[in-house]
Amino acid sequence: MKRRHEVLFTQLESYRSYILRVLENVSEEEAEVIPKGFNNNIRWNLGHIYLDQYLWIQAVTKEKAGVPEPFQTWFGYGTSPANFTPETPTIEELKNLLKEQPAQIKAQYGERLEEEFPPTEMGMHTIEQVLIRTIFHEGMHLQTILDLKKCMK
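Along each chain, residues carry numbers from 1 onward, in the same order as the chain's sequence is written. The predicted nature of this model means local features are confined to residues of pLDDT at least 70 and side-chain atom pairs, given and counted, to a pLDDT of 80 or more, with totals for whole chains, interfaces and linings taken over all residues. Neither water nor hydrogens contribute to the side-chain values; these are computed over all heavy atoms in the structure.

Caption draft 1: Just the packing of helix α1 (residues 3-22) against helix α5 (residues 91-109), in detail. Axis geometry follows a simple rule: fit a line to the C-alpha atoms, using only the stretch in contact for helices, then measure angles between N-to-C directions, giving values from 0 to 180 degrees. Under the scheme used here, helices are H or I runs from DSSP no shorter than 4 residues and strands are E runs no shorter than 2 residues, and both carry numbers assigned from the N terminus. It is the contact of α1 with α5, at a shortest axis distance of 10 Å, that shows an interaxial angle of 175 degrees. One element, α1, and the other, α5, form an angle in the roughly antiparallel class. Note on element contacts: α5 touches α1 through Lys95, Leu98, Lys99, Gln101, Pro102, Ile105 and Lys106, opposite Phe9, Leu12, Glu13, Arg16 and Leu20. The residue makeup of the contact of α1 with α5, split by class, is 6 nonpolar, 1 polar and 5 charged. Here the word oblique covers every angle except those under 35 degrees (roughly parallel), over 145 (roughly antiparallel) and from 65 to 115 (roughly perpendicular). Whether two residues touch is decided by their heavy atoms; if any such pair falls within 4.5 Å, the residues are in contact. Residue type decides the class: Asp, Glu, Lys and Arg count as charged, Ala, Val, Leu, Ile, Met, Phe, Trp, Tyr, Cys and Pro as nonpolar, and the leftover types, Gly among them, as polar.

Caption draft 2: The arrangement of the pattern of salt bridges in detail. By definition here, a salt bridge exists when the distance from a side-chain nitrogen of Lys or Arg to a carboxyl oxygen of Asp or Glu is within 4 Å. Inspection of the entire model under this criterion finds 10 salt bridges. For Glu114, the salt bridge is made with Arg4, and the minimal N-O distance between the two is 2.5 Å. One end of the pair, Glu114, is in the loop between α5 and α6 (127-152); the other, Arg4, is in helix α1, and 110 residues separate them in sequence. Only protein chains enter the calculation, and the probe is 1.4 Å; a residue is then buried if its accessible area is under 20% of its type maximum, exposed if over 50%, and partly exposed in between. Looking at Glu114, the relative accessible area reads 32%, which means it is partly exposed. Glu138 is the salt-bridge partner of Arg16, the closest N and O atoms lying 2.8 Å from each other. Taken as a pair, Arg16 in helix α1 and Glu138 in helix α6 lie far apart in primary sequence, 122 residues in all. For the pair formed by Arg16 and Glu138, the shared burial category is buried.

Caption draft 3: Region of interest: the environment of Val67. Its location among the elements puts Val67 in the loop between α3 (42-61) and α4 (70-75). Linking Val67 and Leu55, residues 12 residues apart in sequence, is a C-alpha distance of 8.3 Å. Those residues within four positions of Val67 in sequence are excluded, and the remaining contacts are Leu51 and Tyr54.

Following this line, the structure appears as structure tokens:
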């Protein structure tokens with residue numbers, strides 16, 4: 001694996017670990033709160049982060065990434081906690097999925113980061129480009145989670 005790819009996965013793991021540390025003391029009840037001015041809660045943001053990486057990998061590779069079908073209904077773009085069902089993963093289940101995801105992506109796609117695919121509407125044509133985009137996206141949702149936590153104090 002090229003050094004820049006090792007750095008990319010180190011960053012993904014580091015940022016993901018930071019999000020998980022931010023969530024250490026968030027209860028299931030707190031994860032459900034939607035403060036005034038927000039559209040979603042912490043649980044939705046976690047599921048969306050998890051789903052987003054796989055959706056963009058699927059978008060570029062045109063291969064199924066193994067995300068359970070209901071995740072799109074619960075956490076896809078334009079959804080909200082109103083779409084949740086009793087089967088929607090809890091915050092603890094989502095934290096476990098998020099913790100495992102970087103290693104799973106590395107194992108599944110680590111040797112394919114530079115493989116060329118037809119470009120997406122954003123012009124991305126490699127998994128490496130997708131991961132750079134999804135790390136940025138994850139940071140945006142991290143800030144939302146921090147803002148949600150602040151509003152709950």
